[in-house]
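For reference, the chains in residue letters:
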Amino acid sequence: MRDEWRNSRIRNYLDLASGKTKPNDTVIDLSEQCSIPVYGGNGILGYSSQVLINHETLVIGRVGEYCGTVRYVNTPCWVTDNAIYAKSIDEDYIYPKFIAYLLSFQKLGRFRKRGGQPLISQKNIYTLRIALPPLPEQRRIAEILSTWDAAIGLVEQRIAAAEQRKKGLVQRLLTGRVRFAEFVQSRELRKTKIGTYPKEWRIRRLSDVAEIQVSYVDKKSKPSEQPVRLCNYMDVFNNDYIYDQMDFMEASATESEIQKCTLKKQDVIITKDSETREEIAESCVVVEDLTNVVCGYHLTILRSKKNVISGFFLKDVLSSPSVHHQFVKLANGTTRFGLTISATHKALIPVPSVAEQEKIAAVLQTCDREIELLTRKRDALQRQQKGLMQRLLTGRVRV
C-alpha cells in the first residue's frame, strides 16, 4: 500500500439509505411510458414512470439471495426497500464508479445476517474500513475495470442471442414445424395429447423407447461397499452433457447398485425430485464412456433402446415445452415435488425416425457448443477482471 492512499471508514464518504416501496405503475417490460429502471434486492425488477434518484449512485442488495451485491447506476432510477442506495457520495474523495468496484471487491455479502431471510444493513457497511488512492488514480482504475465490464457485457449479449436462437430451434425442430427435406414424406399434421406433430411421427410412451431406472445411491462412503464416482443431482441440474473428466464426488455403492446405476454413453438422466414443479425432469445426456461413475439418488436414468431413439434426441425432446409440461403436471407433492415410477413410464414423447432424430440433435448440439464456447470466454474475462481488481484495488499495481 502506498503512503498517499487514505485509510478510513466508509461512513465518512457515503450517506446510505433504504429504498422505498415499489411504485404502483411498475411493469415488467420497458416501455415509452415506463422507462425508469426499478431496482430491488436482486437487480432490476421492472420499470416505472417515477424517479427516486436522479444522480450517480450505488445500489446494494439489502434482502435476499444477492444481498451485498453492488451495482453502479448513472441514470435516473427507483430503488425499492429491498435495497440500499447512496443518497450522497463525497466526490471530493470518492469517484463513484471506483467505490462500486471497491465495495464489490470487499464482498459485502459476508456481513449478512445468518438464519432466515438473508439481510444486510447500512450499519454493517458503515463499519467497513477502505483504502482510497488519489482521485486521478481512482478514475484510471475504474476506466481499466470498465473496459473488462464492456467486453464481458458484449459476450453476455452473444450468449443471450445464442440461447434465444436455440430456444427457437427447439420449438420448431422438436415439434416438426421445421423439418429437413430429406425426411418429409407428407406435410400432413395431426393433433395429439401433447400437441400437433407431423403425421408420420409416432407418439410413444417413455417406457416404450427407454429402459427406466430410478437411483437410490446416496452420497455416503461405507467400508462394506465399493468406491465409486457419484454423478449427483447438481451435476445433472447444472449441465446438459456429462463427461468423464468432470469432478464427481467420491462415494460408495453396493454391487447391485453398481450393476443397475452405472452410467453409459447416451444415457439420459433426469431430476426425479425438486423443490418446484418447474424443475422436475431437468435432463442431461452422457456423451462418452465413463470410468466407474454411478448415478446418485433423486435421479432417474433413461437408457434409450437401440434403433428406437437417440439419447441425444431424447435429452432435447424432454426439454421441449410440450413434453416438459407433462412432467410438471405429473409431479406430486406440496412443498417438495417428485415423479413416481408410473408417471415417468406413461409420459408421452414425439418420435421421428432415428435418422431425423440424429440430425435434429446434431443441430442443437452445434447450438450448445456455441453457447459453451461463449460461456468459457466470458468466464475467462471475469477471471482476468478479478485478478486485475486484486492488484489494482490493493495498490500492488499502480496506474
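Everything below is about the structure shown above.
Right, let's walk through the structure included here. (Residues numbered from 1 in each chain as written. Predicted model: local features only at pLDDT ≥ 70, side-chain atom pairs only at ≥ 80, totals over all residues. Heavy atoms only, no water.)

**Concerning the overall build of the protein**
For clarity, the threshold we go by: Helix and strand definitions follow DSSP, with helices as H or I runs of at least four residues and strands as E runs of at least two, each counted in order from the N terminus. Here's how the labels work: a residue is buried when its accessible area is under 20% of the maximum for its type, exposed when over 50%, partly exposed in between, all with a 1.4 Å probe on protein chains only. The contact definition used throughout considers only heavy atoms, calling two residues in contact when any of these lie within 4.5 Å.
Along its length, the protein carries 10 helices and 23 strands. On the principal axes, the C-alpha backbone points of the protein span a range of 75 × 60 × 40 Å. Split into buried and exposed, the 399 residues of the protein put 46% on the buried side. Of the contacts formed within the protein by residues at least 6 apart in sequence, a portion of 74% connects residues at least 24 apart.

**Quick word on the sheet that holds strand β17 (residues 267-271)**
Condition: By the convention used here, strands pair only if DSSP detects at least 2 bridges between them. Inter-axis angles, ranging from 0 to 180 degrees, are taken between N-to-C directions of lines fitted to C-alpha atoms, where helices are fitted over the stretch in contact.
With respect to topology, 5 strands assemble into an open sheet ordered β13-β21-β17-β19-β15, the strand pairing being mixed. The open sheet has two edge strands, β13 (210-214) and β15 (241-242), and neither has a second partner. Sheet topology note: the β15/strand β19 (residues 283-286) ladder contains 2 bridges and is parallel. If you follow tyrosine 241 over to β19, its bridge partner there is valine 285. In the packing of helix α7 (residues 311-319) onto the sheet, contacts are made with β13, β15, β17, β19 and β21 (299-304), and the angle to β19 comes to roughly 170 degrees.

**Describing the side chain of threonine 80**
You can see threonine 80 is positioned in the loop between β7 (78-79) and β8 (83-89). If sequence neighbours within four positions are ignored, threonine 80 has contacts with Gly19, Lys20, Lys22, Val38, Tyr39, Gly40 and Leu45.

Keep in mind these values describe shape, not function.
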